[in-house]
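If you want the building blocks of each chain, they are given just below.
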Amino acid sequence: MPPAYRLLIGHLRGGDILAELDGTADHTDTLNDTGSARATIPLDAVPAELNVRAVTTPWRHYLVLARDDTVLWAGPIIPRTRRPAAAEVEISASGLWAVFHQRVLARRGDWDYTDQRADVILTHRSLPGVALDIVRVALDRPHGELPLTLPRLDTSGNEERRYYGHELATCGERLKQLTETENGPDLHFQPRFRPDQSGVEWVLRVGQPHLAQTGADWHFDDGGNLVDYGWDEDGSVMADTVLVPGDGIERGRLIGHATNNALPQAGWPALDTVITDHSSEKQRDVLHAYARAYLDAYRTGVTRDTAIVRADTDPPLGSYQVGDRVMLTPRPDRATPTGPRRRRITAITYRSSTPRHVELTLAPEPTTL
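Residues numbered from 1 in each chain as written. Predicted model: local features only at pLDDT ≥ 70, side-chain atom pairs only at ≥ 80, totals over all residues. Heavy atoms only, no water.

Helix and strand counts for the protein stand at five helices and 21 strands. In terms of principal-axis extent, the alpha carbons of the protein reach across some 65 × 65 × 45 Å. Looking at the protein as a whole, 47% of its 369 residues are labelled buried. Carbon and sulfur atoms form 47% of the exposed surface of the protein, whose accessible area is close to 18,300 Å². Side-chain charges in the protein split into 41 positive and 51 negative, and the spacing between the mean points of these groups amounts to 2 Å. (Helix = DSSP H or I, 4+ residues; strand = E, 2+ residues; numbered from the N terminus. Buried < 20%, exposed > 50% of the residue type's maximum accessible area, 1.4 Å probe, protein only. Areas by Shrake-Rupley, 256 points an atom, 1.4 Å probe, with all protein chains shown as cover. Lys, Arg positive; Asp, Glu negative; His and termini not counted. Charge placed at Lys NZ, Arg CZ, Asp CG, Glu CD.)

Here it is, written out as structure tokens:
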């Protein structure tokens, strides 16, 4: 029999679990991003005393996919649908990061967003420290509380960030950008049951700079817990020069840049790319750091492996997390060389249509790990 999974509904701000529902669900947990889930709830399986519409209100409530005592995924419900003539309700949810995409990064008070008191000025911080401060600002506002536990870290360092209230950038946007800078920290909102099982809370995992398990790699081998394997190499983003424009116009525009000529010198054509996601950045050093990080990621293109693994054998779903290291030994053929390869998990996808299997999205291991 495939593992038994549970669908739970809870109150987001307090974390309390309100109901358990029958249904099916798919979810994807993603490193440094929001993640998503979708559940289908048959109406004839909902207890008569339960108002399914009331307990699935968007943003007020969250969806949980759990197995035994392990929370596999949890996040706020956002859209929901009852299609014409359908005897079921579909609810979609996003990871907790979605809340931070809905909160402007500014200090709140009896002043306008254009007032200097709204600015968030961070000095003598590490990059993980900057991430923690952004999250604290997001929580430190009226009705801003969430069942979120923050790690205790040494946040001191040489970094400086100036986030101006008048930019109206969201906390989620700034957190995402932080993960994309050179040596930027991995970030992941990990859900778990409270000790008494009455609710769910999230723990912010912060890499320094990368997240990974302590101890040995997880192993997935052909003929055992590795069911299928494939890879996807995208050369469309390859570049030996990366330009990242920031704040300013015309000749006064700030532009970060980074170049590595190793491939052109080996016979590749010169390739440039322009990243336009940081147009409000006012610090040239930060733009250069973005450019170096993008160049490191894109210099040889983007390669992703996909592994279909067993959900119910060692290691079972729920024991590994995004960011963890794995050692794969796929079946060799003309397109897959013989031998093991080390990767890290960047996404975990579970589909109720294939309950025995889990899809892992994998990337080459960072050289700093």
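Turning our attention to the sheet that holds strand S16 (residues 255-259). What the three strands build is an open sheet, ordered S16-S15-S17; its pairing is mixed. Of all strands in the sheet, those with a lone pairing partner are S16 and strand S17 (272-274), marking the two edges. Each neighbouring strand pair of the sheet contributes to a mean axis angle of 15°, computed without reference to strand direction. Judged from the five bridges that link them, strand S15 (residues 241-245) and S16 form a sheet pairing that is antiparallel. Paired with Leu243 across the two strands is His257, which belongs to S16. Of the strands in this sheet, S15 and S16 touch helix H5 (residues 284-298), which is tilted by about 35° from S16. (Pairing = 2+ DSSP bridges. Axes fitted to C-alpha atoms, helices over the stretch in contact; angles between N-to-C directions. Contact = heavy atoms within 4.5 Å.)

For the coordinates displayed, the defined rule picks out seven aromatic pairs. Taking 4.6 Å as the distance between ring centres and 50° as the angle between the ring planes, the aromatic pair formed by Tyr5 and Tyr350 counts as tilted. A residue pair is termed long-range when its members are at least 10 positions apart, and Tyr5 in the segment before strand S1 (6-11) and Tyr350 in strand S20 (residues 341-350) qualify at 345 residues. With respect to burial, Tyr5 and Tyr350 carry one shared label: buried. (Phe/Tyr/Trp six-rings, centres within 6.5 Å; stacked < 30°, edge-to-face > 60°.)

The sheet built from three strands is open, its strands ordered S9-S12-S11 with mixed pairing. Of all strands in the sheet, those with a lone pairing partner are strand S9 (148-149) and strand S11 (187-193), marking the two edges. Across seven bridges, S11 lies against strand S12 (residues 200-206) in antiparallel orientation. Within S12, the position partnered with Phe189 by the bridge is Leu204.

Mapped onto the fold, Arg205 is located in strand S12. For the buried Arg205, no salt bridge exists, and the shortest N-O distance to an oppositely charged side chain is 4.2 Å, to Asp324. At 3.3 Å, the side chain of Arg205 forms a polar contact with the backbone oxygen of Val322. Those residues within four positions of Arg205 in sequence are excluded, and the remaining contacts are Asp186, Leu187, His188, Gln190, Leu211, Gln321, Val322 and Asp324. (Salt bridge = Lys/Arg side-chain N within 4 Å of Asp/Glu carboxyl O. Polar contact = N/O pair within 3.5 Å; in protein donor to acceptor, adjacent residues only side chain to side chain.)

For the rest of this paragraph, the subject is empty space enclosed by the protein. Using the criterion set out here, one finds four cavities of 30 Å³ or more in the structure. Here the largest cavity defines a volume of roughly 120 Å³. Mapped onto the lining of the largest cavity, the elements with two or more residues apiece are strand S3 (24-30), strand S6 (70-81) and S11. No other element matches the four residues that S11 contributes to the lining of the largest cavity. (1 Å grid on protein atoms, 1.4 Å probe; cavity = no way out; pocket = protein on both sides within 12 Å on 5 of 7 lines; lining within 4 Å. Points joined across faces, edges and corners; volume = space filled by probe spheres on them.)

Running from N to C, helix H2 (residues 127-139) and helix H3 (residues 171-180) cross one another at 170°; their axes reach a closest spacing of 10 Å. Here H2 lies roughly antiparallel to H3, going by the angle between them. Taken together, the residues of H3 that come into contact with H2 (itself represented by Leu127, Val130, Ala131, Ile134, Val135 and Ala138) are Cys171, Arg174, Leu175 and Leu178. Class assignment for the residues of the contact of H2 with H3 results in nine nonpolar, no polar and one charged. (Parallel < 35°, antiparallel > 145°, perpendicular 65-115°, else oblique. Nonpolar A, V, L, I, M, F, W, Y, C, P; charged D, E, K, R; others polar.)

For the rest of this paragraph, the subject is the packing of H3 against H5. Relative orientation of the contacting elements H3 and H5 amounts to 65°, with a least axis distance of 9 Å. In this structure, H3 uses Gln177, Leu178 and Glu180 to contact H5, whose residues at the interface are Tyr290, Ala293 and Tyr294. Residue composition of the contact of H3 with H5, grouped by class: four nonpolar, one polar and one charged.

Glancing now at H2. Helix length check: H2, at 13 residues, gives a terminal C-alpha distance of 19 Å against a target of 18 Å (1.5 Å per residue), a fit within 8%. Most of H2 sits inside the fold, with 11 of its 13 residues counted as buried. (Expected span 1.5 Å × (residues − 1).)

Our next topic: the layout of surface pockets. Taken as a whole, the largest pocket holds about 1,400 Å³ of empty space. The wall of the largest pocket is formed by 36 residues, among which Ala293, Asp296, Ala297, Arg344 and Ala363 lie closest to the centre. Counting residues per element, the ones that place at least two in the lining of the largest pocket are H3, H5, strand S18 (302-310), S20 and strand S21 (357-364). Here the lining of the largest pocket gets six residues from one element, more than from any other, and that element is H5. When its residues are assigned to classes, the lining of the largest pocket shows 11 nonpolar, 14 polar and 11 charged. There is about 220 Å³ of room inside the second largest pocket. As for the second largest pocket, its lining consists of 13 residues, and the residues nearest its centre are Arg13, Val99, Arg103, His143 and Gly144. Here the lining of the second largest pocket is built from residues that sort into five nonpolar, four polar and four charged.

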